[in-house]
Structure formats: structure tokens, C-alpha cells
Amino acid sequence: MSVNKVILVGNVGKDPEVRHLEGGATVARFSLATNETYTDKSGKKVTQTEWHNIVVWRGLAEIAEKYVKSGKLLYVEGRIRNSSYEDKEGNKRYTTEILCDNFRFLGPSTGQGEKPNNYNESHGTDVGAAESDAEIPQPDDDLPF
């Protein structure tokens, strides 16, 4: 048995880049920043930011296109996918992406025509519930870390 499960809570780095494919599928890509703060040997607080490439498909991609914006705090569940390709110069490049199974908006809503944190426009349910049966924590729930 094996498990490939990722849970991230972080801020969206930029608005999603969305593509509508010929077969009707939609894919959205955006970056997510997570921060770790620690105290170094000299007693100085240091914040280290890790950037994650998030990929969202189909219905969730359409929701991301409408509502995911730069700076938003998101809870993301998914799995890691590593891949490689050759660039224009023939060099082998490697990428790591998080294939998002579901996500949830955390933090306050700005109220500017936004749906509530747990709203999925196409299904009237929690964001991600249409794509997965996994329970998504509420903002006040204890997150598993």
C-alpha cells in the first residue's frame, strides 16, 4: 500500500492561468506560498517561503477561475506529481506539481460579490465536495498539523 497525499495552507501567489481544452476540460494553474518561521542561532527570526505549483482540473478549475485571486488564503488537498521535459535548448527540466483534489477558502471574505467560503457555485456545496468525498475542514476546525 502507498499514499500520495498533500495538505497545504498558504497564500495564492498570482491569479490562476486557465485553459479550456478541446475536449471541454478546464485546467487552472496557480502558485501557492507556504511560510515557515524559525529562530536562527543568533536569535533572529527567519521566515522561509516555499512555492508550490497547484494544478486544478474540470469543475474545480472553473471555480478557481472565478474566485481564486492573488493573496487569498487557501487550504489545498492533493497529490504530488513529478515530471520532466526538454526545454528549447534540449536541456532536461524537472517540475513538481500538486494535483489538487479539493480546496477551501480560508480567512475573511472581502464581500465584493464573492460567494461564501464553503460555496461551490455549480453544486451549492463545499468547494471540492463535487470532486471528492473527503471532508474539508472548516476554518475553525483543527487542521491536522
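Residues numbered from 1 in each chain as written. Predicted model: local features only at pLDDT ≥ 70, side-chain atom pairs only at ≥ 80, totals over all residues. Heavy atoms only, no water.

(A) Region of interest: the environment of valine 12. Relative to the helices and strands, valine 12 resides in strand β1 (residues 6–12). Sequence separation of valine 12 and serine 70 is 58 residues, and the distance between their C-alpha atoms is 4.9 Å. Every residue in contact with valine 12, bar those within four places of it in the chain, is listed here: Phe30, Ser31, Leu32, Val68, Lys69, Ser70, Gly71, Lys72 and Leu74. (Helix = DSSP H or I, 4+ residues; strand = E, 2+ residues; numbered from the N terminus. Contact = heavy atoms within 4.5 Å.)

(B) Representation of the side chain of threonine 34. Turning to its location among the elements, threonine 34 is positioned in strand β3 (residues 26–39). The class for threonine 34 is buried, based on a relative accessible area of 16%. A distance of 2.8 Å separates polar atoms of two side chains, one belonging to threonine 34 and the other to histidine 52. (Buried < 20%, exposed > 50% of the residue type's maximum accessible area, 1.4 Å probe, protein only. Polar contact = N/O pair within 3.5 Å; in protein donor to acceptor, adjacent residues only side chain to side chain.)

(C) Representation of the side chain of aspartate 87. With respect to the secondary-structure elements, aspartate 87 resides in the loop between β5 (73–86) and β6 (92–106). A distance of 3.0 Å separates the side chain of aspartate 87 from the backbone nitrogen of glutamate 89, its partner in a polar contact. At 2.8 Å, the side chain of aspartate 87 and the backbone nitrogen of asparagine 91 are in polar contact.

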